[in-house]
Amino acid sequence: MKLQLAIDVLTSEEALVLAKKTSKYIDIIEIGTPLIKHEGVRLISLMKALHPKKELLVDLKTMDVGEYEADFCFEAGADIVTVLGVADIKTIEGAIVSAKKHGKKVVVDMINVADKITRAKEVAELGADYVGIHSGIDQQNAGQSPLADLKKLSKAVDIPLVVAGGINLDTLDEIIACKPEVVVVGGAITGAKNPKKIAKKISKKIRKAS
Ligand SMILES: O=C(CO)[C@H](O)[C@H](O)COP(=O)(O)O
């Protein structure tokens, strides 16, 4: 089981500080959607140069032109990109084609997908590397959590699962019990007074369960 740090701040400076503080405890560094939109593709190369041994995920949440968007991220140094499960199947296929071409990986994010089991099976068949079970921040603010979907999908599909959505030290045990491949934590670490301390605690629990 891996720990992914979602960095959803707006500036490269803040992002680089957070990555530096926590990298010892993190397996995958994520350049979050607001961050990649705000700072652009140059941050991908910069982050990879500073953390060459970490996997680097760019949370593109691509909705169209899957191959085109994934190509320039992989060429800049990303190891993993995300594409939306609600996108056209051709868009998802395009991101997967790009990943295979570059020897990299794709997460299909199931945010807002109505029939997640059917979609997960379709994208697994196409060659996606992971399916992401995700309650977005607006959905979290309306009281949602990814746990119920994680429980359901972990029984119904074989593809490795990534889980995200407001996960913190209090909710971690139930998430870990479902044995996802990757646990994504954003705000609980990046918004903490001491991000390193929280990253260390979360990482310790994940290591113990792995
Ligand atoms: O992709 C995202 C929002 O769309 C976030 O990066 C993801 O939800 C993880 O952050 P948090 O732990 O704060 O929910």
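Residues numbered from 1 in each chain as written. Predicted model: local features only at pLDDT ≥ 70, side-chain atom pairs only at ≥ 80, totals over all residues. Heavy atoms only, no water.

A closer look at helix 4 (residues 66-76)
Every buried residue of helix 4 is listed here: G66, A70, D71, C73, F74 and A76. Tucked inside the fold, the buried residues of helix 4 contact helix 3 (42-50), strand 3 (55-62), strand 4 (80-84), helix 5 (89-102) and strand 5 (105-109). Phi turns positive, to about 125 degrees, at G77, one or two residues after helix 4. (Buried < 20%, exposed > 50% of the residue type's maximum accessible area, 1.4 Å probe, protein only. Helix = DSSP H or I, 4+ residues; strand = E, 2+ residues; numbered from the N terminus. Contact = heavy atoms within 4.5 Å.)

Concerning the site of the ligand
Taken together, 13 residues form the shell around the ligand, and within it D8, Q140, G166, G186 and G187 come nearest. At 3.0 Å, a side-chain N or O of K61 approaches an oxygen atom of the ligand. At 2.9 Å from an oxygen atom of the ligand is found a main-chain nitrogen or oxygen belonging to G187. Look at the ligand: alone it shows 370 Å² of surface, and the protein chains cover 90% of it. (Near = heavy atom within 4 Å. Polar contact = N/O pair within 3.5 Å; in protein donor to acceptor, adjacent residues only side chain to side chain. Areas by Shrake-Rupley, 256 points an atom, 1.4 Å probe, with all protein chains shown as cover.)

A few points about the pairing of strand 3
The element strand 3 is largely enclosed, with a buried count of seven among its eight residues. With four bridges connecting them, strand 2 (residues 28-31) and strand 3 associate as parallel partners. Opposite I29, over in strand 3, you have L56 as the bridge partner. With three bridges connecting them, strand 3 and strand 4 associate as parallel partners. Considered in strand 4, the bridge of T62 is made with V83. What joins strand 3 to strand 4 is helix 4, and the crossover it makes is right-handed. (Pairing = 2+ DSSP bridges. Right-handed = clockwise from strand over helix to strand, strands pointing away.)

Examining the pattern of salt bridges
All told, the structure shown has twelve salt bridges when counted by the stated rule. In this structure, E122 and R119 form a salt bridge, with 2.9 Å as the shortest nitrogen-oxygen distance. Linking E122 with R119, this pair stays in helix 6 (residues 116-126), spanning three residues, or about one helical turn. Residue E122 is classed as partly exposed on the basis of its relative accessible area, which comes to 35%. Residue class for R119 comes out buried when judged on its relative accessible area of 15%. (Salt bridge = Lys/Arg side-chain N within 4 Å of Asp/Glu carboxyl O.)

Focus: the UniProt feature "domain: Orotidine 5'-phosphate decarboxylase" (unreviewed entry) in the protein chain
Cross-referencing UniProt, the feature "domain: Orotidine 5'-phosphate decarboxylase" (unreviewed entry) maps to residues 2-202 in the present numbering. In this annotation, residues 2-202 is assigned 48% helix and 20% strand; the end-to-end C-alpha distance for the span is 11 Å. (UniProt positions renumbered as here; feature names shortened; annotations may be inferred.)

Considerations on the packing of helix 1 (residues 12-22) against helix 11 (residues 195-209)
Where helix 1 contacts helix 11, the two axes come as close as 8 Å, and the packing angle between them is 50 degrees. With respect to helix 11, the axis of helix 1 lies oblique. Once helix 1 is placed against helix 11, the crossing between them reads as right-handed. Facing helix 1, whose interface residues are L18, K21 and T22, helix 11 presents P195, K196 and A199. Looking at the contact of helix 1 with helix 11 residue by residue, the class counts come to three nonpolar, one polar and two charged. (Axes fitted to C-alpha atoms, helices over the stretch in contact; angles between N-to-C directions. Parallel < 35°, antiparallel > 145°, perpendicular 65-115°, else oblique. Left-handed = near helix turned anticlockwise from the far one by under 90°. Nonpolar A, V, L, I, M, F, W, Y, C, P; charged D, E, K, R; others polar.)

Structural notes on the side chain of D79
Take D79: it is sitting in the loop between helix 4 and strand 4. Assessed through its relative accessible area of 13%, D79 is described here as buried. Of the polar contacts made by the side chain of D79, one reaches the side chain of K48; its length is 2.7 Å. Beyond its immediate sequence surroundings of up to four residues, D79 is in contact with K48, K54, E55, L56, F74, K104 and K105.

Focus on the pairing of strand 6 (residues 130-134)
Regular strands place their side chains on alternate faces of the sheet. Judged by how many residues are buried, strand 6 sits mostly within the fold: five of five residues are covered. Neither face of strand 6 is left uncovered, since the one carrying Y130, G132 and H134 and the one carrying V131 and I133 both have all their residues buried. The sheet contact formed by strand 5 and strand 6 spans three bridges and is parallel. Among the inter-strand pairings, V107 is bridged to a residue of strand 6, identified as Y130.

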